[in-house]
Amino acid sequence: MSDHEASRVLHVKGRVLVGPEEVRDELWAVGGRITYERPPGADDAVTVTGWALPGLVDAHCHVGLDHHGAVDAATSEKQALDDREAGALLLRDAGSPADTRWIDDREDLPKIIRAGRHIARPRRYTRNYAWEVEPDELVAYVAQEARRGDGWVKLVGDWIDREVGDLTALWPREAVEAAIAEAHRLGARVTAHCFAEDSLRDLVEAGIDCVEHATGLTEDTIPLFAERGVAIVPTLVNIATFPSLAQSGEAKFPRWSAHMRRLHERRYDTVRAAHDAGVPVFVGTDAGGVLAHGLVADEVAELVKAGIPALEALSATTWGARAWLGRPGLEEGAPADLVVYDEDPREDVRVLAGPRRVVLNGRVIG
């Protein structure tokens, strides 16, 4: 960092939402870090006013991926920029075959927590996305991705079985038990793509830390998730695509299509029941496969539509999400990554769709 960068000062004033109830009148950013003490050079600081939140979290997206597979660096950059402009400054990349480590060297792009590359069975997931391995190889590939990632590993828990004509679980119970134990031994948490019902109990009882989508939760498995503290990332903006997927597969896989429609129809009830039972719920969009990046505000609004109180939905993309991922918010000494709005987002989460300013590493960039 140059002397100029180290001395640059930003002043954020108005209402700084340090936590759901903790509000301060101002903060300063010096050399890209937050302080609540007036610093030298304050008189010459750039000033931003409004309602400030920690940089939003998209806890399920895919930088470096589109519906064909890995993308080039220019496309990855565009994806990250779209998230940044929406105020999503911390991304959990839930599986990508592309190497996006170069983004870590860019102070103008969001910070990424990577889960390595998806791990699936042969011909049981989207082509060009995952390592495709058999159950006896799962532990080795989980260990590989645990070492490559940033503390997360991503399994594909279920997918359509063309011989059955419906969603079925990918892994035997003993395989996921051994794989999750190995990830935990290496200090990584494990999450899994799961649309349907069948794989959930085995994954949770095997010690999984999170489930993506989780549309197959029922009154039998929700208490298990709550008891074990297993989080879900519902990706409701992605679940909205289920009817069109079902229609496209109707002729060939009518059983699967009907199942997808049922999962879609009860999606809000499923999320609300999980939340009400005490299951941790976090915001993720599933951007990067088919969906565009920059949809974090839409997903927060979907959680509210499902019946989650607005303040808790807001926490699911700010204070709570950052704590879950082990990253700081608007704390003394933390990176000055924040978003400023014209109105109080606690009163109406739709405010999130229109950031007034985006600040990354202490620089106003939007």
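Quantities reported herein were computed from a predicted structural model and do not represent experimental measurements. The residue count restarts for each chain, going from 1 along the sequence in the order it is written. The model is predicted, so local features are restricted to residues of pLDDT at least 70 and side-chain atom pairs to those at 80 or more, both for listing and for counting; the totals for chains, interfaces and linings are taken over all residues. Water and hydrogen atoms were dropped before computing side-chain values, which therefore reflect all heavy atoms in the structure.

(A) Spotlight on the overall build of the protein chain. In terms of regular secondary structure, the protein chain is built from 13 helices and 20 strands. For this measure, only C-alpha atoms enter the radius of gyration; the expected value for a globule follows 2.2 Å times N^0.38, where N is the number of residues. Computed over its C-alpha atoms, the radius of gyration of the protein chain comes to 21 Å, within 12% of the 21 Å expected for a compact globule of 366 residues. Once the C-alpha set of the protein chain is aligned to its principal axes, its extents read approximately 70 × 40 × 35 Å. Type-normalised accessible area, obtained with a 1.4 Å probe on protein chains alone, sets the label of each residue: buried when under 20%, exposed when over 50%, and partly exposed for intermediate values. Burial analysis of the protein chain (366 residues in total) assigns 56% to the buried set. When contacts within the protein chain are restricted to residue pairs at least 6 apart in sequence, long-range pairs at least 24 apart make up 66% of them. Total accessible area on the protein chain stands at roughly 15000 Å², and carbon and sulfur atoms take up 47% of it. Put simply, the protein chain has 42 plus and 61 minus side-chain charges, and the middle of one group is 2 Å from the middle of the other. Helix and strand labels come from DSSP, where a helix needs a run of H or I of at least four residues and a strand needs a run of E of at least two; each type is numbered from the N terminus. Two residues qualify as a contact provided that any one of their heavy atoms is within 4.5 Å of a heavy atom in the partner residue. Accessibility throughout is a Shrake-Rupley quantity obtained with a 1.4 Å probe, and a residue counts as covered only by protein chains that appear here. In summary, the charge assignment counts Lys and Arg as positive and Asp and Glu as negative, without counting His or the chain termini. Throughout, a charge is located at the NZ atom of Lys, the CZ atom of Arg, the CG atom of Asp or the CD atom of Glu.

(B) Here's a closer look at the sheet that holds strand β3 (residues 33–35). A strand pair is defined by DSSP finding two or more bridges across the two strands. Pairing in this open sheet of seven strands is mixed, and the strands run β3-β2-β1-β4-β18-β19-β20 from one edge to the other. Pairing within the sheet leaves two strands with one partner each, and these edge strands are β3 and β20 (363–364). Sheet topology note: the strand β1 (residues 9–17)/strand β2 (residues 23–30) ladder contains seven bridges and is antiparallel. Counterpart to His-11 in the pairing with β2 is Trp-28.

(C) Representation of the pattern of salt bridges within the structure. The term salt bridge refers to a pairing of a side-chain nitrogen on Lys or Arg with a carboxyl oxygen on Asp or Glu at a separation within 4 Å. Applying the stated criterion across every chain yields a total of 27 salt bridges. Between Glu-22 and Arg-24 there is a salt bridge whose closest N-O contact spans 3.5 Å. Residue Arg-24 is classed as partly exposed on the basis of its relative accessible area of 34%. One salt bridge in this structure joins Arg-106 and Asp-108, with 2.8 Å as the shortest N-O distance. Given a relative accessible area of 27%, Arg-106 falls into the partly exposed group. On the basis of relative accessibility, which here comes to 26%, the residue Asp-108 falls in the partly exposed class. Because the salt bridges share partners, they merge into one network encompassing Arg-173, Glu-177, Arg-201, Asp-202 and Glu-205.

(D) Up close: the pairing of strand β19 (residues 357–360). Summarising the sheet, strand β18 (residues 338–341) and β19 pair through three bridges and their orientation is antiparallel. If you follow Val-339 over to β19, its bridge partner there is Val-358. Both β19 and β20 contribute to a ladder of two bridges, which runs antiparallel. Pairing of Val-359 across the sheet is with Val-364, part of β20.

(E) Looking closely at the packing of aromatic side chains. Classification of ring pairs rests on two measures: the distance between centres of Phe, Tyr or Trp rings, Trp counted by its six-membered ring, which must be within 6.5 Å, and the angle between planes, read as stacked under 30 degrees, edge-to-face over 60 and tilted in between. All chains considered together, the criterion is met by seven aromatic pairs. Ring geometry for Phe-282 and Trp-324: centres 4.2 Å apart, planes at 10 degrees, overall stacked. With a gap of 42 residues between them, Phe-282 in the loop between α10 (267–276) and α11 (296–306) and Trp-324 in helix α13 (residues 319–325) connect regions that are remote in the sequence. The same class applies to Phe-282 and to Trp-324, which are both buried.

(F) Representation of the sheet that holds strand β5 (residues 56–61) within the structure. In space, the three strands of this open sheet follow the order β5-β8-β9, with parallel pairing throughout. In the strand order of this sheet, the two ends are held by β5 and β9 (111–114), each with one partner. Pairs of neighbouring strands in the sheet enclose a mean axial angle of 20 degrees, with direction left out of account. Sheet topology note: the strand β8 (residues 88–93)/β9 ladder contains four bridges and is parallel. Looking across to β9, one finds that Leu-90 is bridged to Lys-111. Each axis is a line fitted through C-alpha atoms, taken for helices only over the stretch in contact, and angles between the N-to-C directions span 0 to 180 degrees.

(G) View of a positive patch on the surface. Excluding any residue in a salt bridge, patches collect residues exceeding 30% relative accessible area, merging like charges within 9 Å and nonpolar Val, Leu, Ile, Met, Phe, Trp and Tyr side chains within 5 Å. Taken together, the side chains of Arg-123, Arg-127, Arg-162 and Lys-252 make up a positively charged region of the molecular surface. A relative accessible area of 47% places Arg-162 in the partly exposed class.

(H) Quick look at the environment of Leu-186. Structurally, Leu-186 can be placed in the loop between α4 (173–185) and β15 (189–194). Each C-alpha atom, one on Leu-186 and one on Val-142, is 9.7 Å from the other, the two residues being 44 residues apart in sequence. Residues within four places of Leu-186 in sequence aside, it is in contact with Ala-143, Ala-146 and Arg-147.

(I) Layout of the environment of Arg-261. Tracing the backbone shows Arg-261 in helix α9 (residues 254–265). Relative accessible area serves as the criterion here: at 29%, Arg-261 is assigned to the partly exposed category. Between the C-alpha atoms of Arg-261 and Leu-245, which are 16 residues apart in sequence, the distance is 9.0 Å. Beyond its immediate stretch of four places on either side in the chain, Arg-261 contacts Ala-246, Gln-247 and Glu-250.

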